[in-house]
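Structural description and commentary
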Amino acid sequence: MIRLTNVSKTYGNGPTAIAALKNIDLHVPRGSIHGVIGLSGAGKSTLIRCVNLLERPTTGSVVVDGQELTTLSAAELNQARHQIGMIFQHFNLLASRTVFANIALPLELMGMDKVEIRDRVMPLLDLTGLEDKADKYPAELSGGQKQRVAIARALASRPKVLLCDEATSALDPQTTGSILELLQDINRKLGLTILLITHEMEVVKTICHRVGLISAGELVEEADVGDFFTAP
Ligand code: ADP
Ligand code: ADP
């Protein structure tokens, strides 16, 4: 579902250039939950942002659902991004919009009419446990609830892939657990492929099928989660 081949990313140029990613090969099969773990500065954020081209790789190929993204025009890329939802550490909700309106935003931008938008948003409120929060503003919500809104918004365009950029790093352990359960639920119910990056071992242990370790811009190890961690 996601295939990065020989992806490198260098920020800047000349003597101060930073090689953030070096020859990354990554394959995330359809329907799986794949984690990439690493220390701060290892290149996790750059890696996940290369999957939807929020960051453009310096070299290499990015294929999502059979489509090469690096050669698309701006309009084609915009279209392809409907297949790729993303959530962030700090949720990135719009403060001036209610929960409903935050989730509806990507659909409005797609030009969908009001009735259709309602038909899409209501089931997403159900799925994410926000039935009674539709008219609240982000400031009235807990961190976990805000991330649920962000997840619902990411699912609104019915993507095939969900990218999670340190999605639980701002949450306490209990809330983290409930968000991970929701992600697992979504993976099972919708068959969504999930790629997540994190610096937290617990996160990958809890929900990932397969894990890669990134260090200084290189994927240095990859294994099924059961083989990744040594037995106690
Ligand atoms: P992580 O998410 O694992 O903390 P990042 O992908 O954010 O790692 O960063 C990898 C390397 O690239 C770091 O050395 C970081 O300082 C550098 N970097 C990240 N973003 C930029 C940028 N926009 N401009 C220059 N350097 C950057
Ligand atoms: P981070 O918190 O990971 O550093 P930013 O604060 O840079 O991320 O946010 C990136 C912005 O890009 C977000 O506001 C997000 O809504 C937007 N964005 C652009 N394209 C996409 C996409 N395909 N999926 C999700 N968000 C996107």
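Here the structure is shown first, and the text comes after it.
Read on for a plain summary of the structure. The numbers attached to residues start from 1 for each chain and follow its sequence in the written order. For naming, the first written chain is A and the first written ligand is 1, with later ones following in the order written. Per-residue local features are limited, in this predicted model, to residues with pLDDT of at least 70; the limit for side-chain atom pairs, both in listing and counting, is 80 or more; totals at the level of whole chains, interfaces and linings are taken over all residues. Heavy atoms throughout the structure, all of them, feed into the side-chain values; hydrogens and water do not.

Brief notes about the site of ligand 2
Proximity criterion: a residue is near a molecule or strand once any of its heavy atoms comes within 4 Å of it. In the vicinity of ligand 2, the contacting residues are Arg49, Asn52, Leu54, Arg81, Ile84, Met86, Phe88, Asn92 and Asp165. Here a polar contact is recorded for every N or O atom pair within 3.5 Å, except that within protein the pair must consist of a potential hydrogen donor and a potential acceptor, and residues adjacent in sequence are included only if both atoms are side-chain atoms. Between ligand 2 and Asn92 there is a distance of 3.3 Å, counted from an oxygen atom to a side-chain nitrogen or oxygen. Between an oxygen atom of ligand 2 and a side-chain N or O atom of Asp165, the distance comes to 2.8 Å. The fraction of the free accessible surface of ligand 2 (580 Å²) that becomes covered by protein chains is 57%. For the shell around ligand 2, the element with the most residues is strand 6 (residues 84-88), which contributes three residues. Working definition of accessibility: Shrake-Rupley area with a 1.4 Å probe, residue cover restricted to the visible protein chains. What counts as a helix is a DSSP run of H or I of at least four residues, what counts as a strand is a run of E of at least two, and both are numbered from the N terminus.

Considering the sheet that holds strand 9 (residues 210-215)
One requirement defines pairing of two strands: DSSP has to find at least two bridges between them. Strand order in the open sheet made by the six strands is 6-7-8-3-9-10, with mixed pairing throughout. Because the sheet does not close on itself, it has two edges, and the strands there are strand 6 and strand 10 (218-224). With direction set aside, neighbouring strand axes in the sheet form an average angle of 15°. Bridge analysis of strand 6 against strand 7 (residues 161-165) gives five bridges, and the strand direction is parallel. Looking across to strand 7, one finds that Met86 is bridged to Leu163. Pairs of residues are marked as contacts when any of their non-hydrogen atoms sit within 4.5 Å. In this description, a line fitted to the C-alpha atoms serves as the axis of each element, helices being fitted only across the stretch in contact, and the angle between N-to-C directions of two axes falls anywhere from 0 to 180 degrees. Helix 5 (residues 143-155) rests against strand 6 and strand 7 of the sheet, and its axis sits at about 165° to strand 6.

A few points about the pattern of salt bridges
Just to be clear on terms, a salt bridge is a Lys or Arg side-chain nitrogen sitting within 4 Å of an Asp or Glu carboxyl oxygen. Applying the stated criterion across every chain yields a total of nine salt bridges. The partner of Arg97 in a salt bridge is Glu108, with the nearest N and O atoms 2.9 Å apart. With Arg97 in the loop between strand 6 and helix 3 (99-109) and Glu108 in helix 3, this residue pair connects regions lying 11 residues apart in the sequence. Between Lys133 and Asp132 there is a salt bridge, with the nearest N and O atoms lying 3.4 Å from each other. Salt bridges linked by common partners bring Lys9, Arg49 and Glu55 together as one network.

Comments concerning the sheet that holds strand 4 (residues 59-64)
Pairing is antiparallel across the open sheet formed by four strands, whose spatial order is 2-1-4-5. In this open sheet, the two strands that pair with only one neighbour each are strand 2 (18-28) and strand 5 (67-68). Relative to strand 4, strand 1 (residues 2-11) is paired through five bridges, and the arrangement is antiparallel. Across the sheet, the residue bridging to Thr5 is Ser61, located in strand 4.

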